[in-house]
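Summary of the model geometry
Letter by letter, the chains look like this.
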Amino acid sequence: MQSVEQIWDDLKVPEFLDTNGKEVLSYKEACDQLFTERQILIVKLFGIGLTYKEMAKILGCTVNTVKSHVQTIRNKLNLRGNNSLEKWCWLNHDAIYKK
């Protein structure tokens, strides 16, 4: 029986590309090069599927502030829309939520 890692490798999932066809930074690279502490927290909350309202309540800010942070994160990663950011979070899940 194949392990999950072997199955994943066999799928040969293509690299995740931005809107210009360039490879998108990994979570570690993004944290090291692009994100502020607040943006890292937003990514973690966004990645678990919280709504803007839920994130705003946790962070003690307005929904518009959360939306602004999410937009800035997407811009830094050259991603269009929340679906692309969701996919990026999913692909980087292990790094984002490591113990």
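What you see is a predicted model; the values in this text were computed from it and never measured.

**Topic: the packing of aromatic side chains**
All told, the structure shown has one aromatic pair when counted by the stated rule. Geometrically, the ring pair formed by F35 and W88 is edge-to-face, given 6.1 Å between the ring centres and 80° between the ring planes. Within this pair, whereas F35 is found in the loop between α2 (27–33) and α3 (37–47), its partner W88 is found in helix α6 (residues 81–91), the two being separated by 53 residues in sequence. Given a relative accessible area of 8%, F35 falls into the buried group. With a relative accessible area of 1%, W88 lands in the buried category.

**A few points about unusual backbone geometry**
The phi dihedral of N78 is positive, around 60°, even though this residue is not glycine. With respect to the helices and strands, the residue N78 is situated in the loop between α5 (63–77) and α6.

**Re helix α4 (residues 52–59)**
Turning to α4, its buried residues are M55, A56 and L59. Summarising the axial view, the buried residues of α4 lie within an arc of 100°, below the 170-degree limit, and thus occupy one face. Counted as exposed and oriented over 90 degrees from the buried face of α4: K53, K57 and I58. Against α3 and α5 lie the buried residues of α4. Among the residues trailing α4, G60 stands out with phi positive, at a value near 70°.

**Quick notes on the nonpolar core**
Core analysis: the biggest nonpolar cluster contains 20 residues, and F35, L77, L85 and W88 have the highest contact counts within it. Counting residues per element, the ones that place at least two in this core are α2, α3, α4, α5 and α6. If you tally residues by element for this core, the top one is α3, at five residues.

**Considerations on α5**
Between its first and last C-alpha atoms α5 spans 21 Å; for 15 residues at 1.5 Å apiece the expected length is 21 Å, and the two agree. Taken together, the buried positions of α5 are V66, H69, V70, I73, R74 and L77. Buried residues in α5, looked at end-on, bunch into an arc of 135°, giving them a common side. Just beyond α5, the residue with positive phi is N78, at close to 60°.

**A short note on the side chain of R74**
Among the secondary structure elements, R74 is positioned in helix α5. Excluding anything up to four places from it in sequence, R74 contacts Y52, L79, R80, G81, N82 and L85.

Reading the values: rules and limits
Residues numbered from 1 in each chain as written. Predicted model: local features only at pLDDT ≥ 70, side-chain atom pairs only at ≥ 80, totals over all residues. Heavy atoms only, no water. Phe/Tyr/Trp six-rings, centres within 6.5 Å; stacked < 30°, edge-to-face > 60°. Helix = DSSP H or I, 4+ residues; strand = E, 2+ residues; numbered from the N terminus. Buried < 20%, exposed > 50% of the residue type's maximum accessible area, 1.4 Å probe, protein only. Arc of directions from axis to C-beta. Contact = heavy atoms within 4.5 Å. Core = buried A, V, L, I, M, F, W, Y, C linked by side-chain atoms within 4.5 Å. Expected span 1.5 Å × (residues − 1).

Don't take any of this as a statement about function, it's just geometry.
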